[in-house]
Amino acid sequence: MAAIERYCAPTSLEEAVELLRVGDVTIVAGGTDVMVQSQIGKLQFKPVLMNIRRIAGMAGIRDEGRTIRIGALTTMTELLDSALVRDRLSILRQACDHFASDQLRNASTLGGNICNASPAGDTLVPLLVLNARVVLVSKPNGSVERRALPLAQFFAGPGRTHRRPGELLTEIELPAPPPGFHGTFFKFGTRPALDIATISIGLGAVREGRVLRDVRVAYGSVAPTPIRGPRTEAALEGRTVDTATIEAALSAAAEEVHPISDVRASDWYRSELIRNTLRRMLNHVHQS
Amino acid sequence: MSIKVEIGFKLNGVACRISVPADLSTLRMLREELGLTGTKYGCGEGECGACTIVVDGVTMNSCLMFAADCDGRDVVTIEGLAASRRGERLREAFVKHGAVQCGFCTPGFVVQATRLLEKHPQASAAEIQRGIEGNLCRCTGYRKIVEAIADAALPDQ
Amino acid sequence: MAATDPVVVPQSLIGQRIPKLDAPDKTSGRTRYIDDIDVPGQLHARILRSTEVHAKIRSIDTSAARALPGVHAVITARDVPWQRPIGVAKDHLPLKTDRVRSLRDEIAAVAADTVEIAEAAVKLIKVDYEPLPILSDPLDALKPDAPLIHPEPRGEDVGPHLKPGAPVAFTGKPDNVAMTFDYAQGDVVAGEAESDVVVEDTFRLHYVTHCCMGVSGVIADFDPKGNLLLYSNTQVPFLHKREFAELLGIDPGRIRIIQPPIGGGFGSKLDIYPFEPIVIFLAQITRRPVKLMFTRTEEFIASPTRQPVLLKLRSGCKQDGTLTFRTAETLHDNGAYTSWGATTPFVMMQTISSLYRVPHCQYHTKAVYTNNPYAGSFRGYGNLQATFAVEAHMDKLADALGMDPLEFRLKNAQDPGEVTPQGMHFKTCGLKQCLSTVAARSDYQRKRRENAARWQDGNPVKRGVGMAAMLHVGGGAKIYPSDGCGTILKIDDFAHVTIITGASEIGQGSETVLSQLVCEELGLTLAAVTVVNNDTDITPWDVGVHASRTTFIAGNSAIGAARQAKAKILASAAAKSGLAAEELDLKGGHVVRKADGERVVELGKFMRSLHFTDKAQLVMTTFYYEPPSKHQDKQFKGDVSAAYAWASQVCEVEVDTDTGIVRLIKVTGAHDVGRVLNRLGIEGQIEGGVVMGQGYALTENLMVEGGITRNPNFRDYKLVTAPEIPEMDISFIETMDGEGPQGAKGVGEAPAICIAAAVANAIYNATGTRIYAAPFTPENVYRALHGAAEPVAWNAA
């Protein structure tokens, strides 16, 4: 493990991005990913360790009408306990309920889960369904700058994002879901929570009678990053959910997921699970 | 060797000042620097819950928490809880219900249970089972642990 | 000295719910396990393990490690030419010499001021390997071109890094066969000829590991005179004392083992593993106490596993349902070195030959070396594997006959008094009651019929019930020269009892049950007892915690010492009171008149009256209990235990055929335990054993590929968590064993043994698909259901 030469715990965003501008920083929030990865040698500490947990204004959930903003330091438990999340962003709440354990939910932050960029990341699939954007703040030229990026464009590969070294992910913006929008998150596992997802699926849409509109589908653990499923969405958009539509959606899904074999499952089994799970989710829509 | 960081925090109700290496875990600080061995090393990766402590009122895996992040916070370990009313109720219940065999996981369960009961005073057996899903036990099969926590949830006779 | 009020005779302690004596301390975090113990002046050790699965060691360069500030010693085999091989077959040197045979192999070790410095030093040790071909499939081990794991040493095996005369390995082997076992009763050819139905299948049982919550550790401390104090979590302290003495070439009398409270055992600590001798060597060389604690990853990689088994079973029966024969052949993956896993055939042949009445039986095991992890002893000790096969065939035979599987089992179940062809005398036998009880309480027969009728109903979610039973030793196992246990008992001036027992407490509650038995004899409450059980300098000999023997053997030993104390007290009380000793008893903390319970004298007062006189007497007694069992002869025949235990379980499962997820909904169990002593303790043992069995059947899988453990962590090695446990309905059948303490028999291993077997039968009942390999993880089940599983096949050499 590399030696840390400086430890800082800034209390303001300005202070934090100034430290990032200088460079060579490992960022830590809850620590649940950083600590494990440093101990197994997956992460080498940079000379500066910056604890961002004390930065003011980076936690909490705000309803601004057309946009809902979630501070990057909001913990999974805070999301689970939030009435706003329960009422307006229920697909995200479902993911938080399947996340790890109470102890880990109390420490893990939404920003941390996003920056860890695991293809199996529990919150990432619902956030893709919700058309989330990440807000990145930096101070490259003396003044604070901000940019927002759709989450789907933020992931670069397994464990990698397009966050620039001088940037801090400060919040997640979600366009308020349209009226009648309902989302379901399914994570495969034998336990309610303490599991890395073998596969996960997020499905969201507005139901108009038997027809689905504004369909969003996202998949976890079947690609190098969590992904949206545009072909699956196209097969469902504006259609009545009947047997033919379901079969078309399943074919489309098979084309756009590319699972691998690893210690948790084989690629073949993951494909089977995607098909059977998506079928079950759509049948549920069909029947209700 | 990483740089040392000076921190001040409340530990089991008493103010504490200590200097810790920046990369040290809270678990190792408690056990090795502060002599509080009730919190256990089970896995070091947040999967077993043997290292559970309370920080600012919520439970955490101390193996995953940087010691430096205790600065300014309120930390309670099994040693502090054992002396509290809730801790006593849980101890009586764990003893009475046979929820302890080798006992290695027990402090982690007791700490987690205090938080669980504070948040869900009327937790059902199913809610208790979910509430302790981050704590592993190899000896008891969990049944008696769930019964003990349910018993400790009841109002004092 | 008499009070005149009659005593209200207190209720017997037997069968009560007695809280564990050490529970209050454990619940408060006060108990100090090995990791919580620090010896002043101690150094910290870390071990360098091989990074190659199979390789020759060309050279080891420790110079950079030695030079690191804070390092007190760096040792390799060269530095300890006095080291001797350890393990069941003495094929295992603690520090490897000319080659490594598995990924856990210990090459070097460091003792330093801190764990960090020791870790850093280990990373500086350079090893030059010459890779050798890897043998990772036991089926390849006997092929003519198989790499030899323990070849006979040749001249060039002794490299320049070894001192002349140092042991290279042991004498080596011309092939990869580590051990073989053969057993026969009757004539299987004749048995097959009489059969109307014969079934044959191959079963595969997998690697799992103990996952004790407390990782392994040890502290070694030599005093200036060269006496060794070892803080060790061993389950067999007296056996280990002797073995360490041989290993070190010192007098066993100069070794003292103290056993700190243990964070789980389950059989993992019944053998000597390299880390203990290595730490002793470091302590010898540095002349400082040395402490080593494993990391969890190391615990996964370097601990013994359960014995993986490939088992071919052929079973037959007559049309009327009578079993005729069983032929079993097993291939044991012995791993790189031999530990207790290789000897699981002792137990497996018992089940194959005697679980239900079988006149003819033939059993054969080959244990072969590979470069895989080696197996040790693990709760059930081969019985989970054997029962898995036997009980699959019981269902298959019954279905082939069109006979109800419960009736089929009852027809072949033994009765009390039977002596098996292997020579086991079932003085008490509750097998039939166990079977009938679980069937009735789980509604097994009706559910089994109804579930089978639903196979084609189009619903992807199915329910199934499956039954299995088990037989295990319940009164010790005479495999060592003695299967006994000694107790020293003293009663002080305040009627406080100290029980000094050889038996170890490994979390199973032995201290509590021994106290309970002694207090029952002496009429005292449990508050009046202290148990000392963890120091070989103080406690009398006990062979160790294994074979579910502790309650039975240590219990009888403690009762023996207590009865002697009682006899002494009553004899003295008789002399003083003018009543005959037979007219007196001990109850409620008093000497009382037996007939009506009338108090004669309070016991503490009486003890003082014995002590503080001219002819002072203290009450101190000893007793060594050796069970009336026999060693097996060379054909493995003999009444090896003083009692036998049975259990039966019905498992109800729900199978989601779209995903392969099998949920264990309910376990209905019945255990013939002889007699319930501590009801709270025995329930805890059963519940814990059931969940351990659940893990073995459904969730746990140590994935070893090419000699590499792919999932050495809790993230990917799945223990059962609290939300996953089944509903449990447990009954106790009390057959009142004549030899057992208060009639009790052993139970520690029983509840884990038949879960996998019952679950396999339940999955068949749910889906019509029989699965022959464990674990029944979702992918494995899904593949089996959809015809995508690799068949379990064995083309025996």
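Residues numbered from 1 in each chain as written. Chains lettered and ligands numbered in written order. Predicted model: local features only at pLDDT ≥ 70, side-chain atom pairs only at ≥ 80, totals over all residues. Heavy atoms only, no water.

1. A look at the overall build of chain C
Put simply, the test is: Numbered from the N terminus, helices here are DSSP runs of H or I no shorter than four residues, and strands are runs of E no shorter than two. Computation of the radius of gyration draws on C-alpha atoms, with the globule rule given as 2.2 Å multiplied by the number of residues to the power 0.38. Throughout, exposure labels follow a simple rule: accessible area from a 1.4 Å probe, protein chains only, divided by the maximum for the residue type, with under 20% read as buried, over 50% as exposed, and the rest as partly exposed. Contact definition: two residues touch when any of their heavy atoms are within 4.5 Å.
The helix and strand tally for chain C stands at 19 helices and 28 strands. Against the compact-globule benchmark of 28 Å for 797 residues, chain C has a radius of gyration of 28 Å, which places it among compact chains. Expressed as a percentage of the 797 residues in chain C, the buried residues total 66%. In chain C, once contacts between residues fewer than 6 apart in sequence are set aside, the share between residues at least 24 apart is 81%.

2. Comments concerning the domain arrangement of chain B
Residue and element names in this part refer to chain B. Note the cut-off: Where each domain begins and ends follows an automated or database-derived domain assignment. When two parts are put together, the accessible area they lose, computed with a 1.4 Å probe and summed over both, is reported as buried area. Each salt bridge in this description consists of a side-chain nitrogen of Lys or Arg and a carboxyl oxygen of Asp or Glu lying within 4 Å of one another. The term polar contact refers here to a pair of N or O atoms within 3.5 Å; inside protein, the definition further demands a hydrogen-donor-capable atom paired with an acceptor-capable atom, and it admits residues adjacent in sequence only when both atoms are side-chain atoms.
Domain assignment breaks chain B into domain 1 (4-80) and domain 2 (84-153). With centres defined by C-alpha atoms, the gap from domain 1 to domain 2 works out at 21 Å. At the interface, 15 residues of domain 1 touch 13 residues of domain 2. A combined buried area of about 1,100 Å² lies between domain 1 and domain 2, and 61% of that area is made up of carbon and sulfur atoms. Scanning the region where domain 1 abuts domain 2 turns up zero salt bridges. There are four residue pairs in polar contact (both at pLDDT 80 or more) connecting domain 1 and domain 2. Within the residue set of the side of domain 1 that touches domain 2, elements represented by two or more residues are strand S3 (52-55), strand S4 (58-61) and helix H2 (78-82).

3. Focus on the environment of Thr202 of chain C
Residue and element names in this part refer to chain C. Mapped onto the elements of the fold, Thr202 is located in strand S8 (residues 197-205). In this structure, the C-alpha to C-alpha distance between Thr202 and Lys312, residues 110 residues apart in sequence, is 4.2 Å. Among residues more than four places away in sequence, those in contact with Thr202 are Leu310, Leu311, Lys312, Tyr772, Val792, Ala793 and Trp794.

4. Quick word on the interface of chain C and chain B
Threshold: When residues are sorted by character, Ala, Val, Leu, Ile, Met, Phe, Trp, Tyr, Cys and Pro go into the nonpolar class, Asp, Glu, Lys and Arg into the charged class, and all the rest, Gly among them, into the polar class.
Between chain C and chain B, the contact holds 51 residues from the first and 41 residues from the second. In total, chain C and chain B occlude about 3,900 Å² of area from one another, counting both sides; carbon and sulfur atoms represent 57% of this. Scanning the region where chain C abuts chain B turns up eight salt bridges. In this structure, Glu683 of chain C engages Lys144 of chain B in a salt bridge whose closest nitrogen and oxygen atoms are separated by 2.7 Å. Applying the counting criterion to the chain C and chain B interface returns 25 residue pairs in polar contact (both at pLDDT 80 or more). Broken down by secondary-structure element, the contributors of at least two residues to the side of chain C that touches chain B are helix H1 (23-28) and helix H16 (679-699) of chain C. Per element, the largest residue contribution to the side of chain C that touches chain B is eight residues, and it comes from H16 of chain C. In terms of residue class, the side of chain C that touches chain B is made up of 23 nonpolar, 16 polar and 12 charged.

5. Digging into the confidence of the model for chain C
All names here are of chain C. Our working definition: One confidence number per residue, pLDDT, is output by the predictor and ranges from 0 to 100.
Taken as a whole, chain C shows an average pLDDT of 94; of its residues, 96% reach a score of 70 or greater. Long-range and interchain partners of residues 158-169, a stretch whose pLDDT sits below 50, account for 24 contacts in this model, where long-range means more than four residues apart. For this predicted complex, the interface score ipTM comes out at 0.97, while the overall pTM is 0.96.

6. Quick word on empty space enclosed by the protein
Residues and elements named next belong to chain C. As a reminder, the rule being used: The definitions used throughout rest on a 1 Å grid laid over the protein atoms alone, on which a cavity is an enclosed set of points accommodating a 1.4 Å probe that cannot get out and a pocket is an open set flanked by protein within 12 Å on both sides along at least five of seven lines; lining residues are those having an atom within 4 Å of a point. Grid points are joined across faces, edges and corners, and a volume is the space filled by probe spheres set on the points.
Under the defined criterion, the tally for this structure stands at 12 cavities of 30 Å³ or more. Its volume calculated, the second largest cavity comes out at about 140 Å³. Contributing to the lining of the second largest cavity are 17 residues, with Ser216, Ser268, Lys269, Tyr273 and Phe275 lying nearest its centre. Here the residues of the lining of the second largest cavity are counted per class, giving five nonpolar, eight polar and four charged.

7. Quick word on the sheet that holds strand S2 (residues 55-61) of chain C
All names here are of chain C. The cut-off we apply is this: Paired strands, as defined in this entry, are two strands with at least two bridges between them according to DSSP.
Strand order in the open sheet made by the three strands is S4-S2-S6, with antiparallel pairing throughout. Two strands close off the open sheet at either side, each with one partner strand: strand S4 (99-100) and strand S6 (126-131). The pairing of S2 with S6 spans six bridges and is classified as antiparallel. What sits directly across from Ile57, in S6, is Tyr129.

8. A closer look at the pattern of salt bridges
Residue and element names in this part refer to chain A. Counting across every chain of the model gives 98 salt bridges over all chains. Its salt-bridge partner being Glu64, residue Arg69 comes within 2.9 Å of it at the nearest N-O pair. Residue classification places Arg69 among the buried residues on the basis of a relative accessible area of 14%. Several salt bridges converge on common partners, so that one network encompasses Arg62, Glu64, Arg69, Arg133, Arg146, Glu171 and Glu173.

9. Quick word on the packing of helix H13 (residues 510-522) of chain C against helix H14 (residues 550-577) of chain C
In a packed pair of helices, the relevant descriptors are the angle between the two axes and the axis-to-axis distance. All names here are of chain C. Quick note on the threshold: Between the N-to-C directions of two axes lies an angle of 0 to 180 degrees, each axis being a line fitted to C-alpha atoms and, for a helix, fitted only over the stretch in contact. Under this scheme an angle from 65 to 115 degrees is roughly perpendicular, one under 35 degrees roughly parallel, and one over 145 degrees roughly antiparallel; angles in between are oblique. In a left-handed crossing the near helix is turned counterclockwise from the far helix by less than a right angle, and in a right-handed crossing that turn is clockwise.
Interhelical geometry of H13 versus H14 gives an angle of 30° and a closest axis separation of 9 Å. The pairing of H13 with H14 is recorded here as roughly parallel in orientation. The element H13 and its partner H14 pack so that their crossing is right-handed. Residue-level contacts link Ser510, Val513, Leu514, Leu517, Val518, Glu521 and Leu522 of H13 to Thr550, Thr551, Ala554, Gly555, Ala558, Ile559, Ala562, Arg563 and Lys566 of H14. Classifying every residue of the contact of H13 with H14 gives nine nonpolar, four polar and three charged.

10. Things to note about the side chain of Thr659 of chain C
Tracing the backbone through its elements, the reader meets Thr659 of chain C in the loop between strand S24 (644-656) and strand S25 (661-672). Taking relative accessible area as the criterion, Thr659 of chain C reaches 5% and is therefore assigned buried. At 3.2 Å, the side chain of Thr659 of chain C forms a polar contact with the backbone nitrogen of Ile661 of chain C. In this structure Thr659 of chain C touches Phe188, Tyr269 and Leu273 of chain A together with Pro778 and Tyr782 of chain C, once residues within four positions along its chain are discounted.

11. Notes on the nonpolar core
Stated formally: Each nonpolar core is a collection of buried residues, namely Ala, Val, Leu, Ile, Met, Phe, Trp, Tyr and Cys, held together in the definition by side-chain atoms within 4.5 Å.
In terms of nonpolar packing, the biggest core is built from 163 residues, with Phe94 and Ile149 of chain B together with Val759 and Phe776 of chain C touching the most fellow members. Top contributing element to this core by residue count: helix H9 (residues 383-401) of chain C, with 10 residues. Ignoring sequence-local partners within four residues, the contact set of Phe776 of chain C consists of Phe388, Val662, Ala697, Leu698, Ala756, Val759, Ala760, Ile763, Ile771 and Val781 of chain C.

12. Focus on the pairing of strand S3 (residues 71-76) of chain C
Residue and element names in this part refer to chain C. Most of S3 is tucked away: five of the six residues are buried. Examined bridge by bridge, S3 and strand S5 (residues 106-112) share five bridges and lie antiparallel to one another. If you follow Val71 over to S5, its bridge partner there is Ala112.

13. Quick notes on the interface of chain C and chain A
With 21 residues of chain C at the contact, the number on the chain A side is 19 residues. Of all residues in chain C, Asp658, Glu779 and Tyr782 of chain C bury the most surface against chain A, accounting for 28% of the area lost on that side. At the boundary of chain C with chain A, the tally comes to five salt bridges. Here chain C and chain A share 12 residue pairs in polar contact (both at pLDDT 80 or more) between them. Looking at the side of chain C that touches chain A, the element that brings in the most residues is helix H19 (residues 778-785) of chain C, giving four residues. Residues belonging to the side of chain C that touches chain A are distributed by class as follows: nine nonpolar, three polar and nine charged.

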